[in-house]
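Overview (structure and organization)
For reference, the chains in residue letters:
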Amino acid sequence: MKYDKILLGHGSGGKLSHQLIEEVFLPYFSEDTLYKMDDAAVLEYPGNGLVFSTDSYVVDPIEFPGGDIGKIAVCGTVNDISMMGARPLFLSAGFIIEEGFSIEVLHRILTSMKNAALEAGVRIVTGDTKVVPRGAADKLFINTAGVGLPMAEKLPSGAGAKPGDQIIINGPIAEHGITVMATREGLEMDLSIKTDSAPLNHLVREIMAVSGEIHVMRDPTRGGIATTLNEIARQSEMAINIDENQLPITPEVSSACEILGLDPLYIANEGKILVFCSQDDTPRILEIMHKNKYGGAARVIGTVREEPRRKVILKTAIGGQRLIDMLAGEQLPRIC
Ligand code: MG
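Turning our eyes to something else, we now look at the packing of helix α3 (residues 69–82) against helix α4 (residues 103–120). Axis separation between α3 and α4 bottoms out at 7 Å; the angle between their running directions is 30°. Here α4 runs roughly parallel to α3, going by the angle between their axes. At the point where α3 passes α4, the crossing takes the right-handed sense. On α4, the residues that touch Ile 69, Gly 70, Lys 71, Val 74, Cys 75 and Val 78 of α3 are Ile 109, Ser 112, Met 113, Ala 116, Ala 117 and Ala 120. Residues that form the contact of α3 with α4 fall into these classes: nine nonpolar, two polar and one charged.

So, in structure tokens, the structure goes:
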């Protein structure tokens, strides 16, 4: 390991996070499910197995347009379980609360957790609370874990991309990260920008009902679609080509990115899904996505090729080519 202390970048979800996990964490735990580096572990269990996932939330500020730390804590774990082709059922929730935190705000956060769980149809069945002295944590951190049941025998995985696959996204990118960033910095942004945080499990169930074989599903959260596509390119040992002209970005997010000097490809999403499927399945999946409230703007943004392996290449708006790497360093700490 190149560093002897943890940097903020080790929490970026990008290159340094992967280095930290691979070089420091994985050697201690020799579980195949960890080495797969998927969104959740698929465990042996009667039937088609059991899917298990966990995630912690430290977003700052804890409330922002369209959501809060509670909503993303429920939706995030619901989505990670869903990305494995499973139906999320039960969640746990752990709270680390700073002394002095407002009970009124806590009520608001819990209300949105309840609402997100109701929409997703999951139950929060076990939990934990800890309080630490003022300054020992910042306001509120939440961890959620969850279990779900696979909806098919053959499940999607980051290693499942195949040559010729099409890559579909369910709507515009970078909304969550830009919303949090703009709120944190107190920037006067277009008021229409809000987080895309959403439980995607019902959308995933519909997708799996119309296609027997989804190769990869992943939610492009921290590190944005650039980082997620790089993970998939490496896990699948394939090349991923994406087309800048096809990337859905709203004009509001686009101008916010320009003002802040940020690349939307690297900005976090909390309600987006990347689906890799055969060309034959694409029309059916697009049709079902377009009918869902979280997929109205779904479209194909790229394809999978064999060469150059493990690389992500962007065809730029003016017809050039750009190699897209994983997020390096830390662009936006505490984005989720
Ligand atoms: Mg994920």
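Further notes follow.
Our focus in this paragraph is the pairing of strand β5 (residues 86–98). In the sheet, β5 pairs with strand β7 (residues 140–150) via eleven bridges, with the strands oriented antiparallel. Along β7, the bridge assignment pairs Ser 92 with Ala 145. As paired elements, β5 and strand β6 (residues 123–132) share nine bridges and run parallel to each other. By the bridge assignment for β6, Phe 90 is matched with Arg 123. For the handedness criterion, the β-α-β arrangement of β5, α4 and β6 is classed as right-handed.

Here we take up the coordination of the magnesium ion. Within the protein, Asp 39 (OD), Asp 80 (OD) and Asp 219 (OD) serve as the donor atoms for the magnesium ion, at 2.2 to 2.3 Å. All donors to the magnesium ion come from one chain, and their sequence spacing reads D-x40-D-x138-D. In this pair, Asp 39 is assigned in the loop between α2 (32–35) and β1 (41–43) and Asp 80 in helix α3, connecting sequence segments 41 residues apart. Pair check on accessibility: Asp 39 and Asp 80 agree, each one buried.

Another point: the sheet that holds β5. Spatial strand order, β1-β2-β7-β5-β6: five strands in an open sheet with mixed pairing. With partners counted over all chains shown, the strands left at the sheet margins are β1 and β6, one partner each. Looking at each pair of strands side by side, their axes are set apart by 20° on average, direction ignored.

Turning next to the layout of surface pockets. Reported here for the second largest pocket is a volume of approximately 390 Å³. In terms of lining, the second largest pocket is formed by 26 residues, of which the most central are Glu 175, Lys 194, Thr 195, Asp 196 and Lys 272. A breakdown of the residues in the lining of the second largest pocket according to their chemical character gives eight nonpolar, ten polar and eight charged. Shared between two domains, the lining of the second largest pocket takes at least three residues from each, and those domains are domain 1 (8–150) and domain 2 (158–323).

The figure often quoted for interface size is the accessible area lost as the parts come together. Under the domain assignment, the protein is made up of domain 1 (8–150) and domain 2 (158–323). Taking the mean C-alpha position of each, domain 1 and domain 2 sit 21 Å from one another. Opposite the 32 residues of domain 1 that make contact, domain 2 presents 29 residues. Carbon and sulfur atoms make up 54% of the area that domain 1 and domain 2 hide from each other, which totals about 2400 Å². Our enumeration of links across domain 1 and domain 2 arrives at three salt bridges.

Attention shifts here to helix α5 (residues 175–184). Of all the ten residues making up α5, eight are buried; the element is thus mostly covered by neighbouring parts of the structure. Buried within α5 we find Glu 175, His 176, Gly 177, Ile 178, Thr 179, Val 180, Met 181 and Ala 182. Against the buried residues of α5 lie β3 (63–64), α3 and α8 (251–260). Two residues or fewer past α5, Gly 186 is found with a positive phi of approximately 65°.

Our focus in this paragraph is the sheet that holds strand β11 (residues 274–277). Judged by pairing direction, the sheet is mixed, and its seven strands sit side by side in the order β9-β11-β8-β12-β10-β13-β14 without closing on themselves. On the outer flanks of this sheet lie β9 (216–218) and β14 (321–324), each paired with one strand and no other. Averaged over all pairs of adjacent strands, the angle between strand axes in this sheet comes to 25°, irrespective of strand direction. Pairing between strand β8 (residues 166–169) and β11: four bridges, direction antiparallel. Opposite Ile 167, over in β11, you have Phe 276 as the bridge partner. Strands in contact with helix α9 (residues 282–291) are β8, β11 and β12 (299–305); relative to β8, the strand with the most contacts, it is inclined by about 0°.

Turning next to unusual backbone geometry. The omega angle of the peptide bond from Asp 60 to Pro 61 is 5°, so this bond is cis rather than trans. With respect to the helices and strands, Pro 61 occurs in the loop between β2 (50–57) and β3. The peptide bond linking Glu 307 to Pro 308 adopts the cis configuration, its omega dihedral lying at -5°. In the Ramachandran plot, Arg 310 falls in the positive-phi region, its phi being about 65° despite a non-glycine side chain. With respect to the helices and strands, Arg 310 occurs in the loop between β12 and β13 (312–315).

Thresholds, definitions, all that
- Residues numbered from 1 in each chain as written.
- Predicted model: local features only at pLDDT ≥ 70, side-chain atom pairs only at ≥ 80, totals over all residues.
- Heavy atoms only, no water.
- Axes fitted to C-alpha atoms, helices over the stretch in contact; angles between N-to-C directions.
- Helix = DSSP H or I, 4+ residues; strand = E, 2+ residues; numbered from the N terminus.
- Parallel < 35°, antiparallel > 145°, perpendicular 65-115°, else oblique.
- Left-handed = near helix turned anticlockwise from the far one by under 90°.
- Contact = heavy atoms within 4.5 Å.
- Nonpolar A, V, L, I, M, F, W, Y, C, P; charged D, E, K, R; others polar.
- Pairing = 2+ DSSP bridges.
- Right-handed = clockwise from strand over helix to strand, strands pointing away.
- Donors = N, O, S within 2.8 Å, 3.2 Å for Na, K, Ca; no water.
- Buried < 20%, exposed > 50% of the residue type's maximum accessible area, 1.4 Å probe, protein only.
- 1 Å grid on protein atoms, 1.4 Å probe; cavity = no way out; pocket = protein on both sides within 12 Å on 5 of 7 lines; lining within 4 Å.
- Points joined across faces, edges and corners; volume = space filled by probe spheres on them.
- Domains from an automatic or database assignment.
- Buried area = accessible area lost by both parts, 1.4 Å probe.
- Salt bridge = Lys/Arg side-chain N within 4 Å of Asp/Glu carboxyl O.

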